Amino acid sequence: MPQDDVFAPSWAPRMLSVLRIMTALLFLAHGTQKLFGFPTPQYQPDFLTLSWFAAAIELVGGVLLTLGLFTRATAFVCAGEMAFAYFMAHFPRSFFPAVNGGDAAVLFCFVFLYLFVAGGGAWSVDAARNRV
């Protein structure tokens, strides 16, 4: 058996958790930035507007995904929000994500779609609940 075949199976679920946690923390920062002006102020969306709901999804989804709680359902909602945001806010400016500023939205969307399929990984509340 080649050396890389021994390493990958044991570390793949752990690295999935690392990908989930880091992506979720970045996503969470977008929500806290919009709703609380932290870590740096961004526009403050008006209460119960489309932008406010997007920020709330980023906040709640970021927390849930960081913990790995309800990972698949949360990732599905977050992927949908990012796809919606991309086509509403970025795509009308240009076809190319690097030009229209939507590269992060595209990347978030596809990482969340992967998490929807793959789950939360070894280090998640979901995995701990399934072990019991």
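Identification of the protein chain as DoxX from Roseomonas mucosa is taken from an unreviewed UniProt entry. Of the comments in the UniProt record for the protein chain, the one headed Subcellular location (unreviewed entry) reads "Cell membrane".

Q: Could you give me a rundown of the overall build of the protein chain, with the residues and numbers involved?
A: Secondary structure assignment for the protein chain yields six helices and zero strands. In sequence order, the protein chain lays out its α and β elements as α-α-α-α-α-α. Structurally, the protein chain occupies a C-alpha span of about 55 × 35 × 25 Å along its principal axes. Buried positions account for 34% of the 132 residues belonging to the protein chain. Within the protein chain, residue pairs in contact and separated by at least 24 positions form 62% of the contacts whose partners lie at least 6 positions apart. Accessible surface, the protein chain as shown: approximately 8000 Å² in total, 75% of it carbon and sulfur. Across the protein chain, the centroid of the 7 positively charged side chains sits 8 Å from that of the 7 negatively charged ones.

Q: How would you explain the packing of aromatic side chains if you had to name every residue and give the values?
A: Applying the stated criterion to the full structure yields eleven aromatic pairs. The side chain of Arg-14 reaches across the aromatic face of Trp-11, ending 4.6 Å from its centre.

Q: Help me get a handle on the nonpolar core, residues and values and all.
A: Core analysis: the largest hydrophobic core is formed by 15 residues, its most contacted members being Phe-27, Leu-65, Met-82, Phe-112 and Leu-115. Mapped onto this core, the elements with two or more residues apiece are α1 (3-36), α3 (71-90) and α5 (103-118). Not counting residues within four places of it along the chain, the set of residues in contact with Phe-112 comprises Thr-23, Phe-27, Leu-65, Ala-75, Cys-78, Ala-79 and Met-82.

Q: Describe the environment of Phe-84, listing the residues and the values that go with them.
A: Its place among the elements puts Phe-84 in helix α3. Phe-84 sits 25 residues away from Cys-109 along the chain, and the two C-alpha atoms are 9.5 Å apart.

Q: Mind laying out the pattern of salt bridges, listing which residues take part and the relevant values?
A: Tallying each qualifying case throughout the model produces one salt bridge. Taking the shortest distance from any N to any O, the salt bridge between Lys-34 and Glu-58 comes out at 2.8 Å. In this pair, Lys-34 sits in helix α1 while Glu-58 sits in helix α2 (residues 50-67), placing the two residues 24 residues apart along the sequence. Residue Glu-58 is classed as buried on the basis of its relative accessible area of 3%.

Q: Tell me what's going on with α3, and back it up with residues and numbers.
A: In this model, α3 (20 residues) spans 26 Å end to end at C-alpha, consistent with the 28 Å of a helix rising 1.5 Å per residue. Listed as buried for α3 are Thr-71, Thr-74, Ala-75, Cys-78, Ala-79, Glu-81, Met-82, Tyr-86 and His-90. Projected down its long axis, α3 carries its buried residues within an arc of 165 degrees, all on one side. Every exposed residue of α3 that faces more than 90 degrees away from the buried side is listed here: Ala-73, Phe-87 and Met-88.

Q: Break down the environment of Phe-36 for me, citing the residues and quoting the values.
A: Residue position: Phe-36 is located in helix α1. Residue contacts for Phe-36: discarding those within four places in its chain leaves Gly-31, Gln-44 and Leu-59.

Q: I'd like to hear about unusual backbone geometry, residue by residue, with values.
A: Here the amide bond leading from Phe-38 into Pro-39 is cis, since omega sits at 10 degrees, within 30 degrees of zero. Positionally, Pro-39 belongs in the loop between α1 and α2. Look at Leu-48: it is not a glycine, yet its phi comes out positive at around 65 degrees. Mapped onto the elements, Leu-48 comes out in the loop between α1 and α2. Accessibility expressed as a relative area gives 49% for Leu-48, which makes it partly exposed. Even without being glycine, Phe-70 reaches a positive phi, approximately 55 degrees. Secondary-structure assignment places Phe-70 in the loop between α2 and α3.

Here is what the cut-offs are and how they apply
Residues numbered from 1 in each chain as written. Predicted model: local features only at pLDDT ≥ 70, side-chain atom pairs only at ≥ 80, totals over all residues. Heavy atoms only, no water. UniProt positions renumbered as here; feature names shortened; annotations may be inferred. Helix = DSSP H or I, 4+ residues; strand = E, 2+ residues; numbered from the N terminus. Buried < 20%, exposed > 50% of the residue type's maximum accessible area, 1.4 Å probe, protein only. Contact = heavy atoms within 4.5 Å. Areas by Shrake-Rupley, 256 points an atom, 1.4 Å probe, with all protein chains shown as cover. Lys, Arg positive; Asp, Glu negative; His and termini not counted. Charge placed at Lys NZ, Arg CZ, Asp CG, Glu CD. Phe/Tyr/Trp six-rings, centres within 6.5 Å; stacked < 30°, edge-to-face > 60°. Lys NZ or Arg CZ within 6 Å of the ring centre and 35° of its normal. Core = buried A, V, L, I, M, F, W, Y, C linked by side-chain atoms within 4.5 Å. Salt bridge = Lys/Arg side-chain N within 4 Å of Asp/Glu carboxyl O. Expected span 1.5 Å × (residues − 1). Arc of directions from axis to C-beta.

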